[in-house]
Amino acid sequence: MSGPGLIILSFLTFLLSFFAYKKGNNTAAIGLIVLGGLLLRLDLAADPYLHSWDERFHALVAKHLSGHFLLPTLYENPVLPADYHNWTSAGIWVHKQPLPLWAMALSIKAFGLSELAIRIPSVLLSTVAVYLTFLICLQLFKSMRMALLAAFLHSINGLVLEITSGRIATDHIDLFFLVFIELGIFFSVRYMTHRNLLNSLLIGVSMGLAILCKWLPALIVLPVWAILVFQKDRWKEFLVHGSVIVFACACIFLPWQLYIFSHFPQESKWEAGFNIRHITEVLDGQSAGPFYYFTKAMITGHEFILFILAWLFYRILMVKSDRRIAALMIWIVLPLLFFTFVQTKMQAYTLFTLPAIFILVAYCMDSLAAYQSDNKVNIRLVRFLLFLAVALPVRYTIERIKPFEPLEADKIAMTQERKALGRRLLPSNLVLFNDSNYIETMFYTNLNSYPRKPEQADLDSLKRKGYTSELLPDNRAR
């Protein structure tokens, strides 16, 4: 769907990073990897239209938030009764936590109303996440080669790229969630060598910000931190700093929850119940089998990951316990198990486990690269596995971003129509009906628009309020 120009340039940048590492210039190597990841993200973020699920809804709410940060709305001025039971047609919109939407709203205020402005915060944070993966791996294993491999795998991952650019469901919300969880784990790793109050506060703040992106699975930071730092002879210190983390986290995420429940009680109560229903019911037709997330991990993370997890689990039990490996495995396995029992299933729900997958793959690749043998067959097998460990993620990325496929002409045409509609001097009291692209209409214009045809009661109500209406033919703008 995107042009190949920046993508080809990014892969040339990755190639240069390899030569920089070989020359011993590690700073240039990681800089080039981060730059290559940024180029990939910018290329995909340049799509000249909003994506259907769920980016266009998040974009419209962010547009409205740019004018009033504490009043999240989908329909800014619902001239007909809005249904808060349906997040695609609500007035007050508390379907998602606010932090990604606030960032998008700030971007709109800074850069204007555009598709790219919606994606700039995700592009920047997604690029920062590549560097965080590098830092976490480097601090845990003190291996530059491993850290660079993990960062490279993160920078090119197809699912992360599509999420960053808003092309698939849950889009920027899950990308922000990944970044702040990873930030919390980065400070957890730092806490191993710097056991101070500042790092504890930063862990808690990061976790609280993650909750403000996508709720309580952000608590995965706590068991990862606990495994990394717990020592029997320092259990009092562990409890004190754990309490600081929880307190700092609560100070970040609780004010918004208290605010929306006091100001928008009906909507907030409904959405809280709706979130719980994800666990017990299949919502929006998103069902899958019991092994969905484990098989998805082999597609979205790395095709070797289940074999790697099995091998590392064996090593921990039978050979040598390593809390660094155990923490990374907890980061992956606990969410996979939890979401396995959640009835509503979507591939991006476990997106935040991917950095741990990249690090463990890099760990195993490093172990294979260090393998010594006099048997030529074994050496060739090792080299083949190392080649596959890099080639398979590259192939997966190309499959997902589709660099040689054209942009979607019908979406481009629809977007141009809506932008043209927004430039016309239309009466502010006009209401549109029969608009299959009603969200885009409200994003690019200041009109109210509905996907359905009006009832007579709707027309009578609009007339009493001084509004006029128009039924769009064939679900197209004029």
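See the structure printed just above.
Quick caveat, the model's predicted, so the values are computed rather than measured. (Residues numbered from 1 in each chain as written. Predicted model: local features only at pLDDT ≥ 70, side-chain atom pairs only at ≥ 80, totals over all residues. Heavy atoms only, no water.)

Caption draft 1: Highlighting the overall build of the protein chain. In terms of helices and strands, the protein chain carries 20 helices and three strands. Considered along the principal axes of its C-alpha atoms, the protein chain spans approximately 85 × 55 × 40 Å. In the protein chain, buried positions account for 52% of the 478 residues. When contacts within the protein chain are restricted to residue pairs at least 6 apart in sequence, long-range pairs at least 24 apart make up 74% of them. On the protein chain, roughly 21300 Å² of surface is accessible, and the fraction owed to carbon and sulfur atoms is 65%. Here the protein chain carries 43 positive and 33 negative side-chain charges, and the mean point of each set is 8 Å from the other. (Helix = DSSP H or I, 4+ residues; strand = E, 2+ residues; numbered from the N terminus. Buried < 20%, exposed > 50% of the residue type's maximum accessible area, 1.4 Å probe, protein only. Contact = heavy atoms within 4.5 Å. Areas by Shrake-Rupley, 256 points an atom, 1.4 Å probe, with all protein chains shown as cover. Lys, Arg positive; Asp, Glu negative; His and termini not counted. Charge placed at Lys NZ, Arg CZ, Asp CG, Glu CD.)

Caption draft 2: Broad picture of the packing of aromatic side chains. Across all of its chains, the model carries 26 aromatic pairs by this definition. With a centroid separation of 5.3 Å and 40 degrees between ring planes, the pair formed by F141 and Y363 is classed as tilted. Pair noted here: F141 is in helix α5 (residues 115-141) and Y363 is in helix α16 (residues 354-369), with a separation of 222 residues, a long-range link. Considered together, F141 and Y363 belong to a single accessibility category, that of buried residues. In this structure an aromatic cluster arises from ring pairing among Y292, Y293, F338, F339 and Y349. Directly above the ring of W53 sits R56, whose terminal nitrogen or CZ lies 5.8 Å from the centroid. Sitting over the ring of Y450, R452 keeps its end group 5.7 Å from the ring centre. (Phe/Tyr/Trp six-rings, centres within 6.5 Å; stacked < 30°, edge-to-face > 60°. Lys NZ or Arg CZ within 6 Å of the ring centre and 35° of its normal.)

Caption draft 3: How the structure looks around a nonpolar patch on the surface. A grouping of L6, I8, L9, L12, L15, L16, F18, F19 and L42 is seen on the molecular surface, where their side chains present a nonpolar patch of about 820 Å² in accessible area. Positionally, L12 belongs in helix α1 (residues 5-22). (Patch = residues over 30% accessible without salt bridge, like charges linked within 9 Å, V, L, I, M, F, W, Y side chains within 5 Å. Salt bridge = Lys/Arg side-chain N within 4 Å of Asp/Glu carboxyl O.)

Caption draft 4: View of the side chain of S126. Residue position: S126 is located in helix α5. For S126, a relative accessible area of 1% gives the class buried. Once residues within four sequence positions are removed from consideration, S126 is found in contact with R41, V160, T164, L175 and V179.

Caption draft 5: Examining the nonpolar core more closely. In terms of nonpolar packing, the biggest core is built from 134 residues, with F141, I181, W331 and L360 touching the most fellow members. Examining the composition of this core, we find that 13 residues originate from one element, helix α8 (residues 171-193), more than from any other. The contact partners of F141, leaving out residues within four places of it in the chain, are M146, R324, I325, L328, I359 and Y363. (Core = buried A, V, L, I, M, F, W, Y, C linked by side-chain atoms within 4.5 Å.)

Caption draft 6: Main features of the pattern of salt bridges. Following the criterion strictly, the structure yields 17 salt bridges and no others. For E115, the salt bridge goes to K419, with nearest N and O atoms at 3.1 Å. Of this pair, E115 sits in helix α5 while K419 sits in helix α18 (residues 409-423), and the two are 304 residues apart along the sequence. The partly exposed category is assigned to K419, whose relative accessible area is 29%. Two residues, D322 and R324, come together in a salt bridge whose shortest N-O distance is 2.8 Å. Of the residues examined, R324 reaches a relative accessible area of 26% and is grouped as partly exposed.

Caption draft 7: Structural detail: the sheet that holds strand β1 (residues 430-433). The strand order across the open sheet formed by three strands is β2-β1-β3, and the pairing between neighbours is parallel. Looking at the sheet topology across the chains shown, the edges are occupied by β2 (448-449) and β3 (468-471). Sheet analysis places β1 next to β2, joined by two bridges and oriented parallel. By the bridge assignment for β2, V431 is matched with N448. (Pairing = 2+ DSSP bridges.)

Caption draft 8: Just the packing of helix α13 (residues 292-301) against helix α14 (residues 305-319), in detail. Close contact between α13 and α14 brings their axes to 8 Å; oriented N to C, the two are set at 110 degrees. The angle between the axes of α13 and α14 places the two elements in the roughly perpendicular class. Across the interface between the two elements, F294, A297 and M298 from α13 touch I305, L306 and F307 from α14. Grouping the constituent residues of the contact of α13 with α14 by class yields six nonpolar, no polar and no charged. (Axes fitted to C-alpha atoms, helices over the stretch in contact; angles between N-to-C directions. Parallel < 35°, antiparallel > 145°, perpendicular 65-115°, else oblique. Nonpolar A, V, L, I, M, F, W, Y, C, P; charged D, E, K, R; others polar.)

Caption draft 9: Structural detail: helix α15 (residues 323-341). In a regular helix each residue adds 1.5 Å, so 19 residues correspond to 27 Å; α15 covers 27 Å between its end C-alpha atoms and thus fits that length. The largest bend in α15 is about 30 degrees, located at I330. Tucked into the core, α15 has its buried residues touching α5, α8, α10 (221-229), α13, α14 and α16. (Expected span 1.5 Å × (residues − 1). Bend = angle between axes of the 7 residues up to and from the residue.)

Caption draft 10: Region of the structure containing the pairing of β1. Here β1 shows no split at all, with L430 and L432 on one side and V431 and F433 on the other all buried. Both β1 and β3 contribute to a ladder of four bridges, which runs parallel. Opposite L430, over in β3, you have T468 as the bridge partner. Once you follow β1 into helix α19 (residues 438-444) and on to β2, the crossover reads as right-handed. (Right-handed = clockwise from strand over helix to strand, strands pointing away.)

Caption draft 11: Spotlight on the side chain of R119. Position of R119 among the secondary structure elements: in helix α5. Given a relative accessible area of 0%, R119 falls into the buried group. Polar side-chain contacts of R119 include one of 2.9 Å to the backbone oxygen of A45. Those residues in contact with R119 that sit more than four places away from it in its chain are A45, A46, D47, Y49, L50, H51, E55, S165 and H172. (Polar contact = N/O pair within 3.5 Å; in protein donor to acceptor, adjacent residues only side chain to side chain.)

Take it as geometry only, folks, not as evidence of what the structure does.
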